[in-house]
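Each chain is listed here by its residues.
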Amino acid sequence: MSVKILAIESSCDDTSAAVFNDSKLLSNVIASQKVHESYGGVVPELASRAHQSNILPVVHEALKQAGVRKEELNAIAYTRGPGLMGSLMVGTSFAKGLSISLGIPLIDVNHLQGHIMAHFIEREGEEAHIPPFPFLCLLVSGGNSQIVKVKSFNDLEIMGQTIDDAAGEAFDKCAKVMGLPYPGGPVIDRLAKEGNPKAFTFCKPQIQGFDYSFSGLKTSFLYTLRDEVKKDADFIEKRKNDLCASLQNTVIEILMDKLRKAVKATGIKHVAVAGGVSANSALRNAFAEHAEKYGWDIYIPKFSYTTDNAAMIGIVGYHKFLDGEFSDIDLPPYSRVII
Ligand code: KG4
């Protein structure tokens, strides 16, 4: 008998539901929230309210597209954390309610593990480029920047992580001071294509081990703008492309320096990237260059699975189902990182 799993993701500002038949993805529906754009960042209370209006139609649509009736489901996987508490509460409560009413088990999934395991998502008739265990994964999103050693589906070791801002957060905050819309990462990526990555030099952190730091870069970027705008009020407008290209180049150098160090320390040359920032075109190019220069086998997820989605929660849920790892109904969500 095949296993049918409904997965729910609501950790930040995307409401998503996916349906799996065994390891094969049948549907993956995402409702993004536009309400935050005018605020320059995600407003937690508005996110939570939007999840409440979106969750039912999104789940209905995912079941409809999959051609699966809710009575056919064998389990419900949901994002337990990390994320915004008010957002997580909506997905968690919905998953719990549905599991009780259908009398099927619940599976709690770590959002970050989901991002990493997005590499294993396959639709029927589709073959993903799947990394073999163990592999290293650079996990870069709006809330996290980590180097993770992935030994198996359920055995992950964080080798290093940011001690302050995440890479995506650095992009978003620097974009905001340039007056660019939220989220800034994709806009910087686009403008950087027309700019010179060596036009400006920003500060790079000197941190031991495999940890990251992006707050110094953010401050250095801010001070450059402040000093230059004093001399020329139109400085940002005139040099926007160069600023974006130089900032992006510095973020990527910081990320890749530590990743090379981790590859050297572990001897693991299967290297993956995951999370929203993995959509960045220059980061993808840097991975391709490293594959060529250092003989890495690289794994880059499909664009559609880089940002928050329920398919990545479902694939982890399926493997937890096979291992019999179910969750208690009274398990609370968590906002901070735990792998
Ligand atoms: O993984 P994600 O969708 O949400 C979190 O779990 O955080 O990542 C969102 C982050 C945002 O900071 C956004 O600016 C960044 O990913 N991002 C990008 C690009 N696309 C999304 N950053 C740089 N270049 C991009 N093309």
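A. Summary view of the side chain of Ser-278. By secondary structure assignment, the location of Ser-278 is in the loop between β10 (270–274) and α8 (281–294). A residue is classified by how much of its surface remains accessible, and Ser-278, at 0% relative accessible area, is buried. The residues contacting Ser-278, other than those within four sequence positions of it, are Val-140, Val-273, Leu-283, Arg-284, Pro-301 and Thr-306.

B. Geometry of the packing of helix α4 (residues 167–177) against helix α7 (residues 235–266). Contact geometry for α4 and α7: axes closest at 11 Å, N-to-C directions at 165°. Considering the angle they form, α4 stands roughly antiparallel to α7. Seen along the crossing, α4 lies across α7 with a hand that is right-handed. Each of Ala-167, Phe-171, Cys-174 and Val-177 in α4 lies in contact with α7, whose residues at this interface are Ile-236, Leu-247, Gln-248, Val-251 and Leu-255. For the contact of α4 with α7, the class distribution of residues is eight nonpolar, one polar and no charged.

C. How the structure looks around the sheet that holds strand β9 (residues 155–161). Spatial ordering of the open sheet is given by β9-β8-β7-β10-β11, a layout of five strands whose pairing is mixed. The open sheet terminates on both sides in strands that have one partner only, identified here as β9 and β11 (297–299). Direction aside, the axes of adjacent strands within the sheet are offset by 25° on average. Relative to β11, β10 runs parallel, the two being bridged by three bridges. From the neighbouring strand, Val-271 faces β11, where its bridge partner is Ile-298. Relative to strand β7 (residues 135–140), α7 is tilted by about 160°, and along the sheet it contacts β7, β8 (145–152), β9 and β10. Along the sheet, α8 contacts β7, β10 and β11; its crossing angle with β10, the most-contacted strand, is approximately 180°.

D. Seen up close, the environment of Ile-121. Residue position: Ile-121 is located in the loop between α3 (111–117) and β6 (122–123). Apart from the residues lying within four places of it in its own chain, the contact partners of Ile-121 are Leu-25, Glu-126, Ala-128, Tyr-305, Asn-309, Ala-311, Met-312 and Ile-315.

E. Broad picture of the nonpolar core. Judged by nonpolar contacts, the single largest core of 48 residues is most densely connected at Leu-138, Met-178, Phe-214, Leu-247, Leu-255, Leu-283 and Phe-287. Elements supplying a minimum of two residues to this core: β7, α4, α5 (184–192), α6 (215–231), α7, β10 and α8. Here this core gets 14 residues from one element, more than from any other, and that element is α7. Sequence-distant contacts of Leu-138, that is, excluding residues within four places in its chain, are made with Gln-146, Ile-147, Tyr-212, Leu-255, Leu-259, Ala-272, Val-273, Ala-274, Leu-283 and Phe-287.

Rules used throughout
- Residues numbered from 1 in each chain as written.
- Predicted model: local features only at pLDDT ≥ 70, side-chain atom pairs only at ≥ 80, totals over all residues.
- Heavy atoms only, no water.
- Helix = DSSP H or I, 4+ residues; strand = E, 2+ residues; numbered from the N terminus.
- Buried < 20%, exposed > 50% of the residue type's maximum accessible area, 1.4 Å probe, protein only.
- Contact = heavy atoms within 4.5 Å.
- Axes fitted to C-alpha atoms, helices over the stretch in contact; angles between N-to-C directions.
- Parallel < 35°, antiparallel > 145°, perpendicular 65-115°, else oblique.
- Left-handed = near helix turned anticlockwise from the far one by under 90°.
- Nonpolar A, V, L, I, M, F, W, Y, C, P; charged D, E, K, R; others polar.
- Pairing = 2+ DSSP bridges.
- Core = buried A, V, L, I, M, F, W, Y, C linked by side-chain atoms within 4.5 Å.

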